[in-house]
Amino acid sequence: MNESDLVDAIGQVIDPEIRLPLADLHMLRWAKVRRSRVDIQIDIPVPEHPAQLELENRIRQAVRNAGVDGDVNVRTEIMDASERAVLRAALASDNEDGHGQESLPFADKTSHTRVIGISSGKGGVGKSSITVNLALSLARMGKSVAILDADVYGFSVPKMLGVDHDPMVIDDIMIPPIAHGVACLSMGLFVEDSQPLIWRGPMLHKALQQFLSDAHWGKPDYLVIDMPPGTGDVALSMAEYLPRTEIVVVTTPQPAAQRVAQRSAIAARKMKLTVRGVVENMSWFTGDDRKRYEIFGSGGGQDLAHSLGVELLAQVPLVSALRSGGDSGVPVVASDPGSEASQAFERLAQRIDDMGPARVYRKELTIR
Ligand SMILES: Nc1ncnc2c1ncn2[C@@H]1O[C@H](COP(=O)(O)OP(=O)(O)O)[C@@H](O)[C@H]1O
Ligand SMILES: [Mg+2]
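Just so it is clear, the structure is predicted and the values come from calculations on it, not from any experiment.

Student: Quick question: what am I supposed to make of the pattern of salt bridges here?
Tutor: Pairing between side chains of opposite charge can happen when the charged atoms of each approach one another. Inspection of the entire model under this criterion finds 16 salt bridges. Between Arg88 and Asp171 there is a salt bridge, with the nearest N and O atoms lying 2.7 Å from each other. Residue Arg88 is found in helix H4 (residues 81–94), and its partner Asp171 is found in the loop between strand S6 (168–170) and strand S7 (173–175); the two are separated by 83 residues along the sequence. The class for Arg88 is partly exposed, based on a relative accessible area of 24%. Put simply, Arg114 and Glu246 hold a salt bridge, and the shortest N to O gap is 2.9 Å. Taken together, the positions of Arg114 in strand S4 (residues 114–120) and Glu246 in strand S11 (residues 246–251) put the pair 132 residues apart, joining distant regions of the chain. Through salt bridges with shared partners, a single ionic network connects Arg84, Arg88, Asp171 and Asp172.

Student: What exactly am I supposed to notice about the packing of aromatic side chains here?
Tutor: Tallied over the entire structure, the rule returns two aromatic pairs. Geometry around Trp284 places Arg292 over its ring, the cationic atom sitting 3.7 Å from the centre.

Student: Whenever I open this one, the sheet that holds strand S5 (residues 145–149) confuses me. Can you help?
Tutor: Paired through backbone hydrogen bonds, the strands of a sheet run either parallel or antiparallel to each other. Pairing is mixed across the open sheet formed by eight strands, whose spatial order is S8-S9-S5-S10-S4-S11-S12-S15. Only two strands of the sheet have a single partner each, and these edge strands are strand S8 (178–179) and strand S15 (311–316). Across five bridges, the pairing between S5 and strand S10 (residues 222–226) is parallel. Within S10, the position partnered with Asp149 by the bridge is Asp226. Each of S4, S5, strand S9 (182–186), S10, S11 and strand S12 (274–281) is contacted by helix H5 (residues 127–140), which is oriented at about 170° to S10, the strand it contacts most. The strands that helix H13 (residues 340–355) touches are S4, S10, S11, S12 and S15; relative to S15, the one it contacts most, it runs at about 160°.

Student: How do you make sense of the site of ligand 1 when you look at a structure like this?
Tutor: Around ligand 1 sit 15 residues, and of these Gly124, Lys127, Ser128, Ser129 and Pro317 come closest. Between ligand 1 and Val125 there is a distance of 3.3 Å, counted from an oxygen atom to a backbone nitrogen or oxygen. Here a nitrogen atom of ligand 1 sits 3.1 Å away from a polar atom, N or O, in the main chain of Val319. When ligand 1 is considered free in solution it has 560 Å² of accessible area, and contact with the protein chains removes 79% of it. Mapped onto the shell around ligand 1, the elements with two or more residues apiece are H5 and helix H11 (320–328). Take the shell around ligand 1: its biggest share by element is three residues, from H5. Considered class by class, the residues forming the shell around ligand 1 number seven nonpolar, six polar and two charged.

Student: How should the environment of Ser120 be read in this particular structure?
Tutor: With respect to the helices and strands, the residue Ser120 is situated in strand S4. Judged by its relative accessible area of 3%, Ser120 is buried. It is 9.8 Å that separates the C-alpha atoms of Ser120 and Gln258, two residues lying 138 residues apart in sequence. Here Lys122 takes part through its backbone oxygen, which lies 2.8 Å from a polar atom of the side chain of Ser120.

Student: Looking at this model, I keep getting lost on the packing of helix H9 (residues 255–270) against helix H10 (residues 300–308). Mind explaining?
Tutor: Between two packed helices, what matters for the description is the angle formed by their axes and the separation of those axes. Axis separation between H9 and H10 bottoms out at 10 Å; the angle between their running directions is 30°. When the axis of H9 is compared with that of H10, the two are roughly parallel. Crossing of H9 over H10 shows right-handed handedness. Here H9 contributes Gln258, Ala261, Gln262, Ala265 and Arg269 to the contact with H10, which in turn contributes Gly300, Asp303, Leu304, Ser307 and Leu308. Residues belonging to the contact of H9 with H10 are distributed by class as follows: four nonpolar, four polar and two charged.

Student: Is there a simple way to think about H9 in this case?
Tutor: Along an α-helix, residues three or four positions apart point the same way, because every turn accommodates 3.6 residues. Counted at 1.5 Å a residue, the expected span for H9 with its 16 residues is 22 Å, and the 23 Å between its end C-alpha atoms agrees. Within H9, the full set of buried residues consists of Ala257, Gln258, Ala261, Ser264, Ala265, Ala267 and Ala268. On its buried side, H9 packs onto S4, S11, S12 and H10. One or two residues past the end of H9 sits Lys272, with phi positive at roughly 65°.

Student: Got a minute to help me understand the domain arrangement of the protein in this structure?
Tutor: Accessible area lost on assembly of the parts is the figure often given for the size of an interface. Under the domain assignment used here, the protein contains domain 1 (3–94) and domain 2 (114–355). Once you take the C-alpha centre of each, domain 1 and domain 2 turn out to be 35 Å apart. Counting residues at the interface gives 16 residues for domain 1, matched by 17 residues for domain 2. Carbon and sulfur atoms make up 59% of the surface buried where domain 1 meets domain 2, a total of about 1400 Å² over both sides. Interface area lost by domain 1 to domain 2 is led by Glu17, Arg19 and Arg88, which between them contribute 43%. At the junction of domain 1 with domain 2, the criterion picks out three salt bridges. For Asp172, the salt bridge is made with Arg88, and the minimal N-O distance between the two is 3.5 Å. At the boundary of domain 1 with domain 2, the tally comes to eight residue pairs in polar contact (both at pLDDT 80 or more).

Definitions and cut-offs
Residues numbered from 1 in each chain as written. Chains lettered and ligands numbered in written order. Predicted model: local features only at pLDDT ≥ 70, side-chain atom pairs only at ≥ 80, totals over all residues. Heavy atoms only, no water. Salt bridge = Lys/Arg side-chain N within 4 Å of Asp/Glu carboxyl O. Helix = DSSP H or I, 4+ residues; strand = E, 2+ residues; numbered from the N terminus. Buried < 20%, exposed > 50% of the residue type's maximum accessible area, 1.4 Å probe, protein only. Phe/Tyr/Trp six-rings, centres within 6.5 Å; stacked < 30°, edge-to-face > 60°. Lys NZ or Arg CZ within 6 Å of the ring centre and 35° of its normal. Pairing = 2+ DSSP bridges. Contact = heavy atoms within 4.5 Å. Axes fitted to C-alpha atoms, helices over the stretch in contact; angles between N-to-C directions. Near = heavy atom within 4 Å. Polar contact = N/O pair within 3.5 Å; in protein donor to acceptor, adjacent residues only side chain to side chain. Areas by Shrake-Rupley, 256 points an atom, 1.4 Å probe, with all protein chains shown as cover. Nonpolar A, V, L, I, M, F, W, Y, C, P; charged D, E, K, R; others polar. Parallel < 35°, antiparallel > 145°, perpendicular 65-115°, else oblique. Left-handed = near helix turned anticlockwise from the far one by under 90°. Expected span 1.5 Å × (residues − 1). Domains from an automatic or database assignment. Buried area = accessible area lost by both parts, 1.4 Å probe.

Below, the structure written as structure tokens:
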């Protein structure tokens, strides 16, 4: 094998964090073969590449797959400002063009990405758990998936998803960190765990706007959003930034919860977002005797779906693995894919994918 073939092979290696080939990112400087030894130099944009080991493993694997034996020696250097500028241009051209009001991505009807907003009338019904496990289920179907945690006060996605590193920030571009194959951005990545978030509304809006405009999202198949609570002004901003959001409303089985959930669905419609369906969470608990115990009553999800004229997309049982998975950062869909809850998420993901994108999007948006 000659060196230029080897360079081609290594250039196709995908950077695990940035999710683009090294060649496109101009990160491969050179590769040399000397007898039983391969020397490679890669240039990384920032001193701390969170997935450097995995990147080196992928490079070694690519060398081996190309049929080259021997020691592989990977050197890394940090890019200088002009090299970084080339990489940033590659990231920018991989992003979708902003067509929206504020020139944000995912807003235009030509966008490849389906935006799924998980919404609920009140906290504690499982909105974040469903966001994370749905995203993972879609990823397990082979889709490329990102999560935007827009629940700016109650951010919990990084912990539930098990994000264990800070986002790479390349000058003015954030790289959403990857966990379980899913990219995510959240306020939780930028504030200390123990610190309360004391921000004025406009700062939160600005932060969400920047999450959309100043990040490398690429063109994922799905952007799943942990929506801010129902009717607040952060929710209004989200509707404005992401007018193609397809809302999925989460509720629990009891009638009271259903009324609260209905308010959030009505709010979504007032904001001209399409409501695609309902997910009922904590529907039952399956005992050791294999009987289903409907601890929170029954019928709430079906009734809500009926009154909204949409489909009941899934019923998710109450399982302790869902709670513990959220605490440990290994969602149940990853730790126990065959479990009752995981199968419910798998069906939910499949159903959403089968439905296809909402057909009717409003032409323009006027929230003032
Ligand atoms: N189906 C379920 N079975 C068991 N625990 C659940 C289930 N859904 C959610 N939980 C737990 O309930 C709590 C609230 O869920 P969470 O997803 O944070 O709700 P929200 O985002 O709506 O506030 C979390 O501790 C979560 O692990
Ligand atoms: Mg939450």
